[in-house]
Every structure is written in structure tokens, then in C-alpha cells.
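If you want the building blocks of each chain, they are given just below.
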Amino acid sequence: MGANTAVAPPHKGTGLPGDRADEPKRARDRRDDRKAAWLFLAPALAGFALFYAYPTLRGVYYSLTDYNMLAPPNFVGGENYADLIGDEQFWNALKVTASYVVLNIGSQTALALLLAALMHRLTRSVALRAMLLVPWLVPNVTVGLLWMWLLDANLGLVNHILDALGLGTTGFFTSPDLAMPTIAAVNAWAYTGYTALLLYAGMLQIPQHLYESASLDGAGEWRMFHRITLPLLRPVLALVLVVSLIGSFQIFDTIAVTTKGGPVGATRVIYYYIYEQAFAQFHMGYASAVAVILALLLGVLTAVQMRLLRASRSDLA
Amino acid sequence: MKAGSRTRSRITTRAGGRRKISPGRIIAWAVLASALVATLFPFYWMIRTALTPAADLYSDSTGLVPDHPTMINFLRVLGLTSREEAVAAGGSGAQVDFLRYLLNSVVYSGLIASLQTLFCAMAGYAVARLRFPGRDAVFGVLIAALMVPPIFTLLPNFVLVKNLGWLNTFAGMVAPSVLMTPFAVFFLRQFFLSIPREVEEAAVLDGVGAWGIFWRVVLPMSRGPLITIGLTTTVWAWKDYLWPLLTGRDEETRVLTVALGIFQQQSPNTQPDWTGIMAGSALSVLPVLVLLLLLGRRLVESLNFTGIK
């Protein structure tokens, strides 16, 4: 970087007008650009080095140590990883995360697809779309607190309604069986509108005349959805699915304010487990090892996403 | 504005084209309407609870409108009542000042959104428009950061900020986000690639340097994508919880999300201080609604824009 900056002359240094005109234009561009480019890139490259590259290496290193943030780390080799194999809480966290992801993504995508298809065939109202976006704009912490209140076993509105219907009251967040589905449903509520709008945007790219001619041929709405919308939306749908999948693996906020991983570990997802290990138990090394595993998992998903990104591009072109 | 009127006229022609009211259409609208109710009603209930006196929670918890509406919950979470009044209204007596947390949230998300957008635009411009050796490699490196999941950098970044002595400072809270984020670089680069060469060449002939071209020509031309990235970054930072919880717990730097979590834990009895929590929650939604009212169309369109790349 130093060498590059040294090559370029000061930008407005000479003050001779003829100086510039004498040079071939391309060469002048190239020399000026080199200096300017590195200056333009300096903040981003510093950010990359300090907060992406360095911590990545650091994270791998921590995972091989017994670091507890109080004393300097000692190298312990693969010990943390060996411990992971026998750690029931870790396996439970993986299981709980998987069930959350399946429940959350399944319900959210199905509902979003329905909403998007309805909007696509009924209205282009921006106001409607903006309203559907509200839960996504609100912090997950707020969403968690709001639903804790709505689902409160004693005073919550939902339980009042269930009670009035003769179904009795339920402690949604306090029942080991219901806590995880409840959180999955709450987050599906928060993200369905957003997902629906992404899918709707994909549907807008489908040529309108396909529907018009299908309609002339006497095709019904369901047939059009099945034969036109779904197949042509497939690349976008796949992309949205993978992106929300990666997002849902990283659920934390909602759990942190509602169940804190409980009852009896029923909602201790992997992200929350890492958080507890690092900042409650001060097992920074061990937490880093879990983070490495999660990163590998997400890396596979990201690779799939990249592939779909390419696939979707070629499909729509 | 032009785009807006075009969409509107399209709606009228579409609606005029098929006016028939079939049972299917009625059901479809009913489903959409119930989705809207399911989306918005919880927020109504949030406000409704915030306007209910804490003492009434047991007796008055189902009516659509509170029996004795009151502003006391908002006043006490904004720190505008005396400690005695706050405790009488169901508070814990701990000092809370959501106005301050609101301001901290504005500073936090404002700093991140503005600086990140600027620096990513600079980097995106360099890799899109400037000619220099290693350009593609640099772009590749920056995009590689996409592969690093946030949880992975979280722990080491926390240690770094802690060792720098930046805990509970805005500098430490925003440091990892302000300089770059791979998606913004990627997104802005895509747009800059589409700017015609002639625009820059004209400026070069006028003797404007690279910075001048970027600042006075390219940025004004890119208002749309810049606002898009700025808006999504603002929303993201506004919602952020874990990082500010780790690095900015103190009163001086506590943002709304963190304050809400702490406020909930400070509840006086076994039963949480629901009226206070809902008043605080409503404050975290308020700016979002303002954003939606001012920039609703833009926000919705930016989603179409960034969502499907």
C-alpha cells in the first residue's frame, strides 16, 4: 500500500496546465486512480482487517484455548472440541435449534407465500405492504415482550380468549413442550410480512401476460398459482428460504427476553448456549469452539445460498 | 413521485378491468384482512395496556378500551414522575429514563447508518469505477466477509473492544459496524457499475479530482440506493440487542432494546410491571411508525430492491 501511494504524484501539485494535457489520458487516469483508490478503500479495508479477518483468526485460536477473559489464554489443543462430543447441552442446543428452524421457517414461508400470492392477485397497495412490514421493523426484544404479555398465563389476552372459549389457560412460555413452538410462532409472526414482501417482489417479475392468457384459457386461480406462480418463483423462493434459514439459526433476542433458554433447556438454542458459556460461565474458549461449529454449519448454508444466487440469476435472465 | 402516480393509475385500470365479485375474491380479501388484523392488533394491545393503570390490570384486562385511561405509565418510564408516583403506579422505584435510551438508540443507529453508508459507498466506488492493480482481489476480499457469520466475530470483537477500554462508549459500540459491511459494498458497487462513463469524464475534463467526482457527481446521482442502504442499516441497528447489551449496558450508552430488557428484569413483584413494559415498548415502536409514515413507500420499495438481488 505504501509503495502504491508513493508512485502517484500529488494530485494538484504542479500547477502547470500543460502538465496534464501532455500525458496520454489513460496513463494519467491509472496513476491518479491508484492513489485515490487506496484512500477510498482505506476505511473499508481497515474495517475488514480489524473486525472480520483478525477476529476470525482470533476466534479459531480461542477455540483451542481455555480462555476465560480473566487470565491469559492457555493453548489446550482440541480439548474443547473433544469436550463438545460428550456435552449433552451442546447436542440439546443443536436439536433445539433444528426444531426451531424447521417450525419457524416452515410456518413463516407457507404463510408468506399465501399472503404474497393474495397480494399479487388482488392489490398493489403500498399502504397494505407498509402495514405488513411493521412487525419486522420492531426490535425482537419488543416483539418478545409484547407476546410475553399477550400470552401471559394469568392476565394475557390470548389466555382470556382461550378461557372464554372453554379451552382453559396455558403457560405458553413456561411449558417445556410449548415454549419452543411458541417462540417459533412469535418469530414467524414477526417475519412473515417481511418474507411475504420479498416473495411478492419476486412475483412482480413474472410477466403479467402469462396470467392473462391462462385466464382466457379458463384456468382458475389455484391452477395459475400452481402452474405459473410457483414454478417461476422457484429461484426467488429458494433464495428467500435460504436467507431466512441462515437468519433463523441465529435466533437470540427473543429467547433472551422471554425464556432465557428455559424451561429446562427447552429453548436453549445454540446461539444462546454460546452466549451463556461466554458471558455467564466465562468459558470463552469453549464458547468459541461452539461458535466454530455454528460457523461451519452456517458456512455450508451460505455456500448453498451462493449457489442459489447464481442459479436464480441464470433462471431469471 | 413519478413512479408513485404510475403505480396508482395501474391499480385503477386493473380494478376497473375486472369488477366481478366472486366468492373466491371475497374469501381472498377476508384472508388478507385477517392477516392485517393479526399483524397490527398486538400493537394496538400494547398501546392499550400502556394506557391502563397498573392497579386495573387484574380487573380490566379484556375490554378494547381501558376503563380508566392514563398517561402515568408513559410519564414514569420517561422519568417525568417522582419516585413515589412511579412506585404507586406499579414501578420498581429504580431510576428509568426512556427518553435518554431513545436518544442513545438514535445516536447508535444514526452513527452506524451514516458512517457505514459513506465508507461502503467509497469502497464500492473504488472497486466499481477506479482502475488500479488488484482491484478484483480487493473486491473478493471484502465480499469474503459475507462468509463470516456474526456470532463468530462477536466473541473476539468483544474482547478487542474490552481490551481497548471501549466498553460503555459509543466508539466501542459502533466500531465493528461503521467501517464496512460486505453487503453494502456489494450492493452499492452494483449500482455504481451502471453509471455512464461520460458523466465522470466530463468532470475529469473540468479538472475535478476523484474525491470531487465521487462527492459531487456520483453520490448525488445515487441517492436512491444510498437511502436504501441507509434505511436498512438504520432498521438493523435500531433492532440490535446482543452487541449493545455486551458493550453498552451503562446508563450513558444504554439503547432502547437493552433498556427494555433491564427494565423487565427490575420488576417489583413476581408479576412483571406490564403497564410500564408496554409503555417502554411503545416508545421503541414510535420512531418506526414515524419512519413508516415519512418514508413508507421508499421503505417498501427498498425491500424489493435489496431483497432480490
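Our subject in this report is the structure included herewith. Keep in mind that what you see is a predicted model, and the values were worked out from it rather than measured. (Residues numbered from 1 in each chain as written. Chains lettered and ligands numbered in written order. Predicted model: local features only at pLDDT ≥ 70, side-chain atom pairs only at ≥ 80, totals over all residues. Heavy atoms only, no water.)

## Some points on the packing of helix 5 (residues 98-129) of chain B against helix 11 (residues 210-221) of chain B
All names here are of chain B. The condition that has to hold: All axes here are fitted lines through C-alpha atoms, helices being fitted over the stretch that makes contact, and every angle between N-to-C directions spans 0 to 180 degrees. Secondary structure elements follow DSSP: runs of H or I no shorter than four residues count as helices, runs of E no shorter than two count as strands, and numbering proceeds from the N terminus. Roughly parallel means an angle under 35 degrees; roughly antiparallel means over 145; roughly perpendicular covers 65 to 115; every other angle is labelled oblique. The contact definition used throughout considers only heavy atoms, calling two residues in contact when any of these lie within 4.5 Å. Think of it as three bins: nonpolar holds Ala, Val, Leu, Ile, Met, Phe, Trp, Tyr, Cys and Pro, charged holds Asp, Glu, Lys and Arg, and polar takes everything else, Gly as well.
At their nearest, the axes of helix 5 and helix 11 sit 12 Å apart, and the two run at 110 degrees to each other. In terms of axis orientation, helix 5 runs roughly perpendicular to helix 11. When helix 5 is examined against helix 11, the residues L118, A121, M122 and Y125 are found in contact with a partner set consisting of W211, I213, F214, W215, V218 and L219. A breakdown of the residues in the contact of helix 5 with helix 11 according to their chemical character gives 10 nonpolar, no polar and no charged.

## Regarding the interface of chain B and chain A
For clarity, the cut-off: Salt bridges are counted wherever a side-chain nitrogen of Lys or Arg sits within 4 Å of a carboxyl oxygen of Asp or Glu. Think of a polar contact as two N or O atoms within 3.5 Å of one another; within protein, one of them needs to be a possible hydrogen donor and the other a possible acceptor, and neighboring residues in sequence only count if both atoms come from side chains.
Contacts between chain B and chain A engage 96 residues on the former and 104 residues on the latter. Taken together, chain B and chain A are joined by zero salt bridges. At the junction of chain B with chain A, the criterion picks out eight residue pairs in polar contact (both at pLDDT 80 or more). Of all the elements, helix 2 (residues 23-50) of chain B adds the most residues to the side of chain B that touches chain A, at 16 residues. Of the residues that constitute the side of chain B that touches chain A, the class distribution is 68 nonpolar, 18 polar and 10 charged.

## A word on the nonpolar core
As a reminder, the rule being used: For this analysis, a nonpolar core means a set of buried residues of the types Ala, Val, Leu, Ile, Met, Phe, Trp, Tyr and Cys, connected via side-chain atoms within 4.5 Å. Only protein chains enter the accessibility calculation, which uses a 1.4 Å probe; a residue is then buried when its area is under 20% of its type maximum, exposed when over 50%, and partly exposed in between.
Core analysis: the biggest nonpolar cluster contains 187 residues, and F40, L41, F279 and M284 of chain A together with F98, L142 and M278 of chain B have the highest contact counts within it. Per-element tally for this core: the top contributor is helix 5 (residues 88-122) of chain A, with 14 residues. Leave out the neighbours within four places in its chain, and F40 of chain A touches M122, A123, Y125, A126, L130, A210, W211 and F214 of chain B.

## Quick look at the packing of aromatic side chains
Worth spelling out the cut-off: We call Phe, Tyr and Trp rings a pair once their centres come within 6.5 Å, taking the six-membered ring for Trp, and we label the pair stacked below 30 degrees between planes, edge-to-face above 60, and tilted otherwise.
A complete count under the given rule lists 30 aromatic pairs over all chains for this structure. Look at W149 of chain A and W274 of chain B: their rings are 5.3 Å apart centre to centre, the planes differ by 35 degrees, and that puts the pair in the tilted class. Here W149 of chain A, found in helix 7 (residues 140-150), pairs with W274 of chain B, found in helix 15 (residues 274-307), and the two come from separate chains. What makes W149 of chain A buried here is its relative accessible area of 2%. Judged by its relative accessible area of 1%, W274 of chain B falls in the buried class. Between F41 of chain B and Y44 of chain B the ring centres are 5.9 Å apart and the planes differ by 40 degrees, which places this aromatic pair in the tilted class.

## A few points about the packing of helix 5 of chain B against helix 12 (residues 223-239) of chain B
All names here are of chain B. Our working definition: For any helix crossing, the convention is left-handed if the near helix is rotated counterclockwise from the far helix by under a right angle, and right-handed if that rotation is clockwise.
Where helix 5 meets helix 12, the closest approach of the two axes is 8 Å, and the angle between their N-to-C directions is 145 degrees. The hand of the helix 5/helix 12 crossing is right-handed. Residues L102, S105, V106, Y108, S109, I112, A113, Q116, T117 and A121 of helix 5 touch helix 12, and the partners they reach there are L226, I229, G230, T233, T234, W236, A237 and W238.

## With respect to helix 12 of chain B
All names here are of chain B. Here is the rule we go by: The span one expects for a helix is its residue count, reduced by one, times 1.5 Å.
Along its 17 residues, helix 12 runs 24 Å from first to last C-alpha, staying within 8% of the 24 Å computed at 1.5 Å per residue. Here helix 12 lies mainly inside the structure; 12 of its 17 residues are buried. Inspection of helix 12 places G224, P225, L226, T228, I229, G230, L231, T233, V235, A237, W238 and K239 among the buried residues, and these make up the whole buried set.

## Considerations on the environment of V186 of chain A
All names here are of chain A. Mapping V186 onto the fold places it in helix 9 (residues 179-204). For V186, a relative accessible area of 4% gives the class buried. Placed 93 residues apart in sequence, V186 and F279 show a C-alpha to C-alpha distance of 26 Å. Aside from chain neighbours lying at most four places away, what touches V186 is V143, W147, L151, F173 and T254.

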